[in-house]
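Topology and contacts: notes
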Amino acid sequence: IFEDNGGIDKFVRWRIQLMEKGIHLLKFDAGIDSMIQIHDYAGVKPFAMDKYAKAASKAVIGLFNAYYPELMFRKFFVNVPWFMASIFNLLTPLVSQRTRSKFVVCSSSAVRSTLLQYIDAANLPPVYTGVGA
C-alpha cells in the first residue's frame, strides 16, 4: 500500500475514515465521549516499517493530534514483540504522563486479561476472547 506517496495519501484517508466511523459510534449526550483502539502487532517483523510506512504513520499522528484531541481513552498495543516493548519503554520518558497513561503495551500472554480490564467480553473481537477465533 505504501509503494509511493499516493499510497501514503490513500492510507491517511482510510485511517481518517476509520476514525470518523468511530466518532459516529460515540454518544456524547450519554457521556460516552472517548474510544479505545487496539493496535495488533502479531506477525510484525523487526524494523518492518519502510520510509513510506513511517511517513504515513507520522502524517496520521500529526492529524490526530491536531483534529481529534482527547478522543482517546486507551490505546492498546497487543502482541508486541519484546524488541518493540523495549523501544517503547525507552521512549516513554519523552511522552507526557497524560499521554503515557493512555497507552497499554501487552505481551501475547497478557492480551485477553488486560483487555478485559477495560472492555466487556461481549464487546471484544473473537480473536481476543478465545471464542470463535
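Residues numbered from 1 in each chain as written. Predicted model: local features only at pLDDT ≥ 70, side-chain atom pairs only at ≥ 80, totals over all residues. Heavy atoms only, no water.

1. Some details on the overall build of the protein chain
Across its full length, the protein chain holds six helices and three strands. Scanning the protein chain from its N terminus toward the C terminus, one meets helices and strands in the order α-β-α-β-α-α-β-α-α. Relative to the compact-globule value of 14 Å for 133 residues, the protein chain shows a C-alpha radius of gyration of 16 Å, a close match. Expressed along its principal axes, the backbone C-alpha trace of the protein chain runs to roughly 40 × 40 × 35 Å. For the protein chain, buried positions account for 30% of its 133 residues. Restricting to contacts in the protein chain with at least 6 residues of sequence separation, those with at least 24 account for 77%. For the protein chain, the computed accessible surface area is about 9,200 Å², with 59% contributed by carbon and sulfur atoms. Looking at the protein chain, you have 15 positive and 10 negative side-chain charges, and the mean spots of the two groups are 5 Å apart. (Helix = DSSP H or I, 4+ residues; strand = E, 2+ residues; numbered from the N terminus. Rg over C-alpha atoms; globule rule 2.2 N^0.38 Å. Buried < 20%, exposed > 50% of the residue type's maximum accessible area, 1.4 Å probe, protein only. Contact = heavy atoms within 4.5 Å. Areas by Shrake-Rupley, 256 points an atom, 1.4 Å probe, with all protein chains shown as cover. Lys, Arg positive; Asp, Glu negative; His and termini not counted. Charge placed at Lys NZ, Arg CZ, Asp CG, Glu CD.)

2. Quick notes on the pairing of strand β2 (residues 72-78)
Looking down a regular strand, the side chains alternate between one sheet face and the other. With respect to burial, β2 is a largely interior element, six of its seven residues being buried. Pairing analysis gives six bridges linking strand β1 (residues 35-40) to β2, with the strands arranged parallel. Pairing of Ile36 across the sheet is with Arg74, part of β2. Pairing of β2 with strand β3 (residues 103-105), which is carried by three bridges, proceeds in the parallel orientation. Looking at β3, one finds that Phe76 is bridged to Val104. (Pairing = 2+ DSSP bridges.)

3. Here's the deal with unusual backbone geometry
Phi at Asn79 takes a positive value of approximately 55 degrees, unusual for a residue other than glycine. With respect to the helices and strands, the residue Asn79 is situated in the loop between β2 and α3 (82-91). According to the relative accessible area criterion, Asn79 is buried, its value standing at 18%.

4. Notes on a nonpolar patch on the surface
Taken together, the side chains of Ile87, Leu90, Leu91, Leu94 and Val95 present a nonpolar region at the surface, about 490 Å² in accessible area. Considering the arrangement of structural elements, one finds Leu94 in the loop between α3 and α4 (97-100). You can call Leu94 exposed: its relative accessible area is 72%. (Patch = residues over 30% accessible without salt bridge, like charges linked within 9 Å, V, L, I, M, F, W, Y side chains within 5 Å. Salt bridge = Lys/Arg side-chain N within 4 Å of Asp/Glu carboxyl O.)

Coordinates in, geometry out; function isn't part of it.
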